[in-house]
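# Report on the structure
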Amino acid sequence: MIKRFSVSIEDTLLNKFDKYIESKGYSTRSEAVRDMIRDALIEESINYGENDVFGTITVIYDHEVKGISEKITHLQHGYFGEIRAAVHVHIDEKNCLETLIVHGKAEIIKKIANGLESIKGVKNVKYNLTKVEI
Ligand code: NI
């Protein structure tokens, strides 16, 4: 069931919002507001909820740093329950990119990302979490 509600908002803020949603390709404000509400609730649920989350962790590292590949593999084996898949791309002669597809408690996923980041030779780690439903 769809419900309607009205929102009071300053002119300038509404103008900025309209430009923003136009740049994102929304055809109505309602569509944009619904997506923003969903995003906010998912974000809240990821950070403070009890249920498992899905996500990716992307790592960029220099594979020429001594022992780095073993350290990364060792860390990943410690979380075999959470790491569902891994994709490895050789960026150039020395740099590698690895994306892990993960599933589990958000705090454990963040722990994996932090663990990877602390390995010497790892240049960048980014993670992205989401949920099936809110
Ligand atoms: Ni590689």
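Please read these numbers as outputs of a predicted model, since none were measured by experiment. (Residues numbered from 1 in each chain as written. Predicted model: local features only at pLDDT ≥ 70, side-chain atom pairs only at ≥ 80, totals over all residues. Heavy atoms only, no water.)

According to the domain assignment, the protein chain contains domain 1 (11-48) and domain 2 (53-130). When each unit is reduced to the centre of its C-alpha atoms, the spacing between domain 1 and domain 2 is 31 Å. (Domains from an automatic or database assignment.)

With that out of the way, let us pick up the coordination of the nickel ion. Coordination of the nickel ion by the protein is provided by His88 (NE2), His90 (ND1) and Cys96 (SG), with metal-donor distances spanning 2.0 to 2.3 Å. Along the chain, the residues donating to the nickel ion fall in the pattern H-x1-H-x5-C. Taking relative accessible area as the criterion, Cys96 reaches 3% and is therefore assigned buried. (Donors = N, O, S within 2.8 Å, 3.2 Å for Na, K, Ca; no water. Buried < 20%, exposed > 50% of the residue type's maximum accessible area, 1.4 Å probe, protein only.)

Our focus in this paragraph is the pattern of salt bridges. Evaluated as defined, the whole model comprises 4 salt bridges. Arg29 is the salt-bridge partner of Asp18, the closest N and O atoms lying 2.7 Å from each other. In this pair, Asp18 sits in helix H1 (residues 11-23) while Arg29 sits in helix H2 (residues 29-48), placing the two residues 11 residues apart along the sequence. Look at Asp18 and you get partly exposed, because its relative accessible area is 25%. (Salt bridge = Lys/Arg side-chain N within 4 Å of Asp/Glu carboxyl O. Helix = DSSP H or I, 4+ residues; strand = E, 2+ residues; numbered from the N terminus.)

Quick look at the pairing of strand S3 (residues 95-104) now. Counting buried positions over the 10 residues of S3 gives 8, a clear majority of the element. Across 10 bridges, the pairing between strand S1 (residues 53-62) and S3 is antiparallel. Along S3, the bridge assignment pairs Ile57 with Leu100. Pairing geometry for strand S2 (residues 83-90) and S3, over 7 bridges, is antiparallel. Paired with Ala86 across the bridge in S3 is Leu100. Where S2 folds back on S3, the antiparallel hairpin that results is connected by 4 residues. (Pairing = 2+ DSSP bridges.)

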